[in-house]
Amino acid sequence: MTMKRTFSLLLLGLSTLPLAACADDYGYGVRAGYGPGPYAYNGWYDGYYGSIYDGYWGNDGYFYYRRGLGDRVYIRGDRGHFMREAPRGPHNFQPFHGSMSPGERMQMPHFPGGGGGGRQGGGGGGGHRHR
């Protein structure tokens, strides 16, 4: 009976490995250990997602944002709604800028910041509200 239980626990542990491989792309799992920041960001935003609290440019070229201080998960915005460079021609984009400080247990896919034990309580600080 003990061997059966040990084998079951081993299988249960191994079954989580495929999910861990997806953590970076889909925001699953717990992220911790980012430096305290603040990390500055700026760009152009068309207001499609409504107000955003803060965010960061991921190392994959997308802008990741959250809507409020209490949010622990950063959402990837579409490249058609966030731009690093000023758009050309007629457009409805507005410049935006701010800063964010990662907190412990934040889910931050493709975050370009370095290691060092993040702060409890999340980002914010210099967060900027957008339309």
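Our structure is the block above this text.
Residues numbered from 1 in each chain as written. Predicted model: local features only at pLDDT ≥ 70, side-chain atom pairs only at ≥ 80, totals over all residues. Heavy atoms only, no water.

K.L.:
Which residues make up the sheet that holds strand β4 (residues 75–76), and what values go with them?
P.N.:
Taken together, the three strands give an open sheet; going across it, the order is β2-β3-β4, and neighbouring strands pair in antiparallel fashion. Because the sheet does not close on itself, it has two edges, and the strands there are β2 (54–57) and β4. (Pairing = 2+ DSSP bridges. Helix = DSSP H or I, 4+ residues; strand = E, 2+ residues; numbered from the N terminus.)

K.L.:
Explain the nonpolar core to me, using residue names and the numbers behind them.
P.N.:
With 16 residues, the main nonpolar core has Y56, F63, Y74, F82, F96, M100 and M108 as its most contacted residues. Sorting the residues of this core by element identifies β1 (39–45), β2, β3 (63–66) and β6 (94–100) as the ones contributing at least two each. Of all the elements, β3 adds the most residues to this core, at three residues. Once residues lying within four places of it in the same chain are set aside, the contact partners of Y74 are D54, G55, Y56, Y64, Y65, R66, M100, M106, Q107, M108 and P109. (Core = buried A, V, L, I, M, F, W, Y, C linked by side-chain atoms within 4.5 Å. Buried < 20%, exposed > 50% of the residue type's maximum accessible area, 1.4 Å probe, protein only. Contact = heavy atoms within 4.5 Å.)

K.L.:
Explain the sheet that holds β1 to me, and be specific about the residues and the numbers.
P.N.:
The three strands lie next to each other as β5-β1-β6, forming an open sheet whose pairing is antiparallel. Only two strands of the sheet have a single neighbouring strand rather than two, namely β5 (82–83) and β6. In this structure, β1 lies alongside β6, joined through seven bridges in antiparallel fashion. Considered in β6, the bridge of W44 is made with P95.

K.L.:
Lay out the environment of G55 with the relevant residues and their values.
P.N.:
Here G55 lies in strand β2. Residue G55 is classed as buried on the basis of its relative accessible area, which comes to 0%. Sequence spacing of G55 and A40 is 15 residues, and the spatial spacing of their C-alpha atoms is 9.0 Å.

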